[in-house]
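Examination of the molecular architecture
Each chain, letter by letter, is given below.
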Amino acid sequence: MANSTSSFDRRANHLLRLIQLCGGCVPLHSLQCQVSNSVIQTLLDKELVQVQNTGRGFLLEIAEDF
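Overview of the structure. (Residues numbered from 1 in each chain as written. Predicted model: local features only at pLDDT ≥ 70, side-chain atom pairs only at ≥ 80, totals over all residues. Heavy atoms only, no water.)

Turning our attention to the nonpolar core. One finds Leu15, Ile19, Leu31, Ile40, Leu43, Val49 and Leu60 to be the most contacted residues of the largest nonpolar core, which totals 15 residues. Looking at which element gives the most residues to this core, the answer is helix H1 (residues 2-21), with four residues. With sequence-adjacent residues up to four places away left out, Leu60 is seen in contact with Leu15, Ile19, Gly24, Cys25, Val26, Leu28, Leu31, Ile40, Leu44, Val49, Gln50 and Val51. (Core = buried A, V, L, I, M, F, W, Y, C linked by side-chain atoms within 4.5 Å. Buried < 20%, exposed > 50% of the residue type's maximum accessible area, 1.4 Å probe, protein only. Helix = DSSP H or I, 4+ residues; strand = E, 2+ residues; numbered from the N terminus. Contact = heavy atoms within 4.5 Å.)

This is the structure in structure tokens:
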């Protein structure tokens, strides 16, 4: 079980690095095929990222407090 948790943490950390490399925000629709919704939800729950409605779509961006 610990192996699946560490794998999950690696995916979450990878997503955070990806967002940082993309300038701090990425369109949410571009991630949904590559990253599971549970990884995104976990980062939202930990308040490491936030979702912004641009009126033309949603952006997943690193929280300012992070």
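Taking strand neighbours across the sheet as the criterion, the three strands line up as S1-S3-S2 in an open arrangement whose pairing is antiparallel. Each edge of the open sheet carries a strand with a single partner, namely strand S1 (25-27) and strand S2 (49-53). Each strand of the sheet is rotated relative to its neighbour by a mean of 25 degrees, with strand direction disregarded. Examined bridge by bridge, S2 and strand S3 (residues 58-62) share five bridges and lie antiparallel to one another. In the strand pairing of S3, Gln50 is matched with Glu61. Of the strands in this sheet, S2 and S3 touch helix H3 (residues 37-45), which is tilted by about 100 degrees from S2. (Pairing = 2+ DSSP bridges. Axes fitted to C-alpha atoms, helices over the stretch in contact; angles between N-to-C directions.)

Not every positive phi belongs to a glycine, and Glu47 is a case in point at roughly 60 degrees. Along the chain, Glu47 falls in the loop between H3 and S2.

With that settled, the discussion passes to the pairing of S3. Sheet topology places S1 next to S3; three bridges connect them, and they run antiparallel. Along S3, the bridge assignment pairs Cys25 with Glu61.

A few words now on H3. When H3 is considered as a whole, its buried residues turn out to be Val39, Ile40 and Leu43. Viewed along the axis of H3, the buried residues span an arc of 100 degrees, placing them on a single side of the element. Exposed and facing more than 90 degrees away from the buried side of H3 are Asn37 and Asp45. Positive phi shows up at Glu47, right after H3, with a value of about 60 degrees. (Arc of directions from axis to C-beta.)

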